[in-house]
Structure formats: C-alpha cells, structure tokens
Amino acid sequence: MNSFEVQGGHPLKGEITPQGAKNEALQVICATLLSKDEITIDNLPDILDVNNLIDLLKDLGVQVNRQSAQTCSFKAENINLDYLKTKEFRTRASSLRGSIMIMGPLLARFGKAFFPKPGGDKIGRRRMDTHFFGFEKLGATFDFDSEEIFYTVHAEHLRGAYMLLDEASVTGTANIVMAAVLTQGTTTIYNAACEPYVQQLCRMLASMGARITGIGSNLLTIEGVKNLKGCSHRILPDMIEIGSFIGLAAMTGSEITIKDAATDHLGIIPLAFRRMGINMHVSQDEIYIPPKQKYTIETFIDGSIMTIADAPWPGLTPDLLSVFLVVATQANGSVLIHQKMFESRLFFVDKLIDMGARIILCDPHRATVIGLNQETPLRGSVMTSPDIRAGVALLIAALSAKGKSIIHNIEQIDRGYEKIDERLGRLGAKIKRI
C-alpha cells in the first residue's frame, strides 16, 4: 500500500491545468461499444479507473490504439461476449463501478449483457434499480443470481418507451440513453440526469448519428436508429478537480491560476465557493485565486447558519462536499454540510478532528463545521484515505497543516486524480510518494 508524506504549511504558487473529467470519460469509453467504426477520444485522464476500463474493453475484443496518455482510439468491431461469463471479467468489473455502463451498449447492440454487482468507493448504498427499470421499460428482462451476485439482462426485441425515472441517476441515465439510441421507436426519459457528463455523452452520440433532443434538460427524447458511425470526441475538464484546486488555494493561502477550466460548464460551483467567502476572478476559461485571503462564510438573509448541500444538476455535485467541509475548517464562521446522497461519505471527519478541526458529526448525512478562522492551523497526522473524494480532501488538509502528515491507501486518490503529487509538486507542494 503506497502512501503520501506531506510537509504542510507551505503556500503554493503557479498555474495548473485540470485533467479530463473522469465521470465523462467512463461514459464515453463505454459508448464506443455502440459502433463498429473507429472512435477517437481526446483529453482522457491518465488515472487508474479510466485505464482499468480501457483494459476491460481490450479483453472484451475492442481494438484500442493508445496514441498518447490522453488520446485513444477504439474500434469495437469484434466483441467476445463469452468473456462476460468468465471469472476474470467478474473480478475486474466488480472492482470498477463505471464499467456497469457497458450494459446499455451491449444490450442495444447484441440483445444481452452480463454483469457482476459493481464495486467502487465505500461511500454508502448505490442501488442499481434505475438502470434495470429503464432496461425493463425498453422491453428487456433480467435475472439475478443471488449466490454469484451476477446480473443477466437480455431482450429479443427492444422498443422505445416513455419512462419517468425514480431518481436522476447519472450512470443510470447514461446507460438507458446508450440502450435507447439503437432501439426502434421513440424513447422519452423524464427526470433524466442533466450533468455536463450526460450532456457530453449525448453530444458524442449525436455526432455518431444518434437522434437526441432535450440535451441539457431533464427531458430527453431519443429516436432510435439502426446503427451508429465513428467520431472524434474531446472530454471536458474535470469540474471536481477544478473545485478541489479552488479549495486547496483558499485553504493553504496560495496564489493559483487554473487554466483551461471550461468555466461555462461549472454550474453553481464558483457561487458555492463564494458563499464560503472565497474570492476568485473568473475570466474566459481561467480562474485566479489570490493569495493569503481570509474567508468568511455567509449566512442566510435571516442570519441563520449557511447550509451547503448536494443536489441533482444544476445543484452542487456531491463529489465536492468533502472539499467544502475541509475548507470550512479554516473559515471565519460556521456551516452545515449536508450530504444527502451517500450515508458514508462523511465518515472521514474523525481524521480532521484529530488534526484539530472543530466539527460535529450530527448524523451520517450532516456535519456542522465551526471554522478556526486561520487562527490555529491544523496539525499533521497519520490517516488513511477511505475513498477518492475524502482522500483529496485529506490531502488538502495535510498541505495546510503544521508539520508532517502521512496519508495511507493513496490508491484511492490515484483512481480519480492524475499524478496529483507531481502536479502539486510543481506548484511548490512538499509531497512525496512512499
């Protein structure tokens, strides 16, 4: 198990460019299974989860040409469906949650798909009902082997349908859209997720010949086509990484410019940081965070404590709440962090309390943070990363802390952040991999 050794308390300075969006990458890579033609994807993040998914597609029979660390072409001309029944596939797919999105393309193109219960971060219950509800509405049936924990989905003939999703699931919406684009008839998806990841997937599918209207809204209408062609697609910058860099700059008193930030696609993220009192300058596709700023958390109009909560897009993404919580520990004022979606994602606050943060964990979903107003720095500690987003939040805390910190299980961080130690090192961070 690798670890980071971090010497905190050193302000950073310089420019940094975010990686491609991990969540978008997982979707569009799975979408390459929908066509026999070559599809080229640019701005891929060079991270563990994405590389593992690419390797999974190789084993499935997809021809992969890695032109660079960020550019890759895929040609899914000959797919080996028998591989889906192997123990190797079960082991590999069950450790990578994003691979669940191969089901929609395989069901649409071949009429069947197999999949083990997906894994991923231990952040709470992540049910699959939305995926299977959508497949069933299109005419598919599925079986679940409770002993093997293995799903089988099959359909002799899919037909377009109207459906109202019970939750605006990002991966569920993506999976259903990918199944629907090759399904005869009209499919209408109401309460669809409309995050930039889904919008980008739909635009890529449209460039391949899919007929999709309502992109960017929660009502998608899809007219099925017989086949899709190849295309070239560029992934957006990762808004989670951009938010992490904003929080890092504020927490460490650093002067950082975030280049190529695609600011038009960040939604409410900049506003949420401004509500935390963080000053930043947004111009075109750059974000500049000035150094040594003290930040005061706003209150509501009636003077009551500010609440930062996740919500479906265009609300605040849950992937950034761990960062907001850490940033609040050095703010002037108090805030309630409400993580609505996952019941285990706040279970890293004990590590921040050990570092000197003033946090009350109200219940599995809510934590109240009383800011230290930069009067008392956090102190270095030894900790273990429980998941991707908590891991980078702990890294931000360690970089701001007085003294040395050790973060174990950094494989979790590597799953979502591309060579984060090297990139932050170029800004002056005292961090090394041990």
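Residues numbered from 1 in each chain as written. Predicted model: local features only at pLDDT ≥ 70, side-chain atom pairs only at ≥ 80, totals over all residues. Heavy atoms only, no water.

### Regarding the overall build of the protein
Within the protein one finds 14 helices and 23 strands. The C-alpha radius of gyration computed for the protein amounts to 22 Å, which stays within 12% of the reference 22 Å derived for 434 residues, consistent with globular compactness. Expressed along its principal axes, the backbone C-alpha trace of the protein runs to roughly 65 × 50 × 45 Å. For the protein, restricting intrachain contacts to residue pairs at least 6 apart in sequence, the fraction spanning at least 24 positions comes to 73%. Of the accessible surface of the protein, which amounts to about 17000 Å², a share of 47% is contributed by carbon and sulfur atoms. Put simply, the protein has 46 plus and 47 minus side-chain charges, and the middle of one group is 2 Å from the middle of the other. (Helix = DSSP H or I, 4+ residues; strand = E, 2+ residues; numbered from the N terminus. Rg over C-alpha atoms; globule rule 2.2 N^0.38 Å. Contact = heavy atoms within 4.5 Å. Areas by Shrake-Rupley, 256 points an atom, 1.4 Å probe, with all protein chains shown as cover. Lys, Arg positive; Asp, Glu negative; His and termini not counted. Charge placed at Lys NZ, Arg CZ, Asp CG, Glu CD.)

### Some details on the sheet that holds strand 19 (residues 358-363)
If you trace the 4 strands from one edge of the open sheet to the other, you get 17-18-20-19, paired in mixed fashion. At either end of the open sheet lies a strand with only one pairing partner, and these are strand 17 (306-309) and strand 19. For this sheet the average axis-to-axis angle between neighbouring strands, irrespective of direction, equals 20 degrees. Note: strand 19 against strand 20 (residues 366-370), 5 bridges, orientation antiparallel. When the sheet's bridge partners are listed, aspartate 363 is paired in strand 20 with arginine 366. Against the sheet, helix 10 (residues 321-328) contacts strand 17, strand 18 (334-338), strand 19 and strand 20, and its axis sits at roughly 160 degrees relative to strand 18. (Pairing = 2+ DSSP bridges. Axes fitted to C-alpha atoms, helices over the stretch in contact; angles between N-to-C directions.)

### Focus on helix 10
Across the 8 residues of helix 10, 8 count as buried, placing the element largely inside the fold. If you check which residues of helix 10 are buried, you get Leu321, Ser322, Val323, Phe324, Leu325, Val326, Val327 and Ala328. (Buried < 20%, exposed > 50% of the residue type's maximum accessible area, 1.4 Å probe, protein only.)

### Quick look at the packing of aromatic side chains
As enumerated under the stated definition, the model contains 6 aromatic pairs in all. Ring geometry for phenylalanine 132 and tyrosine 151: centres 4.8 Å apart, planes at 35 degrees, overall tilted. With phenylalanine 132 in helix 5 (residues 129-137) and tyrosine 151 in strand 8 (residues 150-154), the pair connects residues that are 19 residues apart, well separated along the chain. For the pair phenylalanine 132 and tyrosine 151, one class covers both residues: buried. For the ring pair phenylalanine 273 and phenylalanine 324, a centre distance of 4.2 Å and an interplane angle of 20 degrees mean the geometry is stacked. You can see phenylalanine 273 sitting in helix 9 (residues 269-275) and its partner phenylalanine 324 sitting in helix 10, a full 51 residues away along the chain. Assigned by exposure class, phenylalanine 273 and phenylalanine 324 land together as buried. An aromatic cluster of three or more residues is present, and its members are Phe132, Phe135, Phe142 and Tyr151. (Phe/Tyr/Trp six-rings, centres within 6.5 Å; stacked < 30°, edge-to-face > 60°.)

### Some remarks on the nonpolar core
Ranked by internal contacts, the top residues of the largest apolar core, which has 153 residues, are Val181, Leu205, Ile258, Leu325, Leu352 and Leu424. Sorting elements by how many residues they give to this core places helix 12 (residues 388-400) first, with 10 residues. The contacts of leucine 352, once residues within four sequence positions are left out, are Leu325, Val326, Ala357, Ile359, Leu394 and Ala397. (Core = buried A, V, L, I, M, F, W, Y, C linked by side-chain atoms within 4.5 Å.)

### Observations concerning the sheet that holds strand 7 (residues 141-145)
Sheet architecture is open: 3 strands sit in the order 6-8-7, paired in antiparallel fashion. At either margin of the open sheet sits one strand with a lone partner, and together these are strand 6 (112-116) and strand 7. For this sheet, the mean angle separating the axes of adjacent strands, direction not counted, is 15 degrees. Direction of pairing for strand 7 relative to strand 8: antiparallel, over a ladder of 5 bridges. By the bridge assignment, threonine 141 is partnered in strand 8 with histidine 154.

### Re the confidence of the model for the protein
Taken residue by residue, the protein gives an average pLDDT of 93. The fraction at 70 or more is 97%. Low pLDDT, under 50, characterises residues 120-126; the stretch is placed with 22 contacts to residues that sit more than four places away or in other chains. (pLDDT = per-residue confidence, 0-100.)

### Quick look at the environment of glutamate 223
Mapped onto the elements, glutamate 223 comes out in strand 12 (residues 219-223). The exposure class of glutamate 223 is partly exposed, given its relative accessible area of 34%. Taking the C-alpha atoms as reference points, glutamate 223 and leucine 424, separated by 201 residues in sequence, lie 46 Å from one another. Setting aside anything within four residues of it in sequence, one finds glutamate 223 in contact with Val181, Gly185, Thr186 and Arg211. Side-chain polar atoms of glutamate 223 contact the side chain of threonine 186, separated by 2.8 Å. (Polar contact = N/O pair within 3.5 Å; in protein donor to acceptor, adjacent residues only side chain to side chain.)

### Describing the packing of helix 1 (residues 22-31) against helix 2 (residues 48-60)
When two helices pack together, their arrangement is given by the angle between the helix axes and by the axis-to-axis distance. For the pair helix 1 and helix 2, interaxial distance at closest approach is 10 Å and the crossing angle is 5 degrees. By the angle between their axes, helix 1 is roughly parallel relative to helix 2. Of helix 2, the residues touching helix 1 (which contributes Lys22, Ala25, Leu26, Ile29 and Cys30) are Asp49, Val50, Leu53, Ile54 and Leu57. A per-class count over the contact of helix 1 with helix 2 returns 8 nonpolar, no polar and 2 charged. (Parallel < 35°, antiparallel > 145°, perpendicular 65-115°, else oblique. Nonpolar A, V, L, I, M, F, W, Y, C, P; charged D, E, K, R; others polar.)

### Let's talk about the pairing of strand 17
Burial of the side chains of strand 17 is restricted to one face: Met306 and Ile308 are buried, whereas none of Thr307 and Ala309 on the reverse face is. Pairing analysis gives 4 bridges linking strand 17 to strand 18, with the strands arranged parallel. Looking across to strand 18, one finds that threonine 307 is bridged to leucine 336. Considered for its hand, the β-α-β crossover made up of strand 17, helix 10 and strand 18 is right-handed. (Right-handed = clockwise from strand over helix to strand, strands pointing away.)

### Some thoughts on the side chain of serine 73
Along the chain, serine 73 turns up in strand 5 (residues 72-75). Residue serine 73 is classed as buried on the basis of its relative accessible area of 2%. Dropping the residues within four chain positions of it, serine 73 is found in contact with Glu38, Ile39, Thr40, Gln63, Val64, Asn65 and Gln67.

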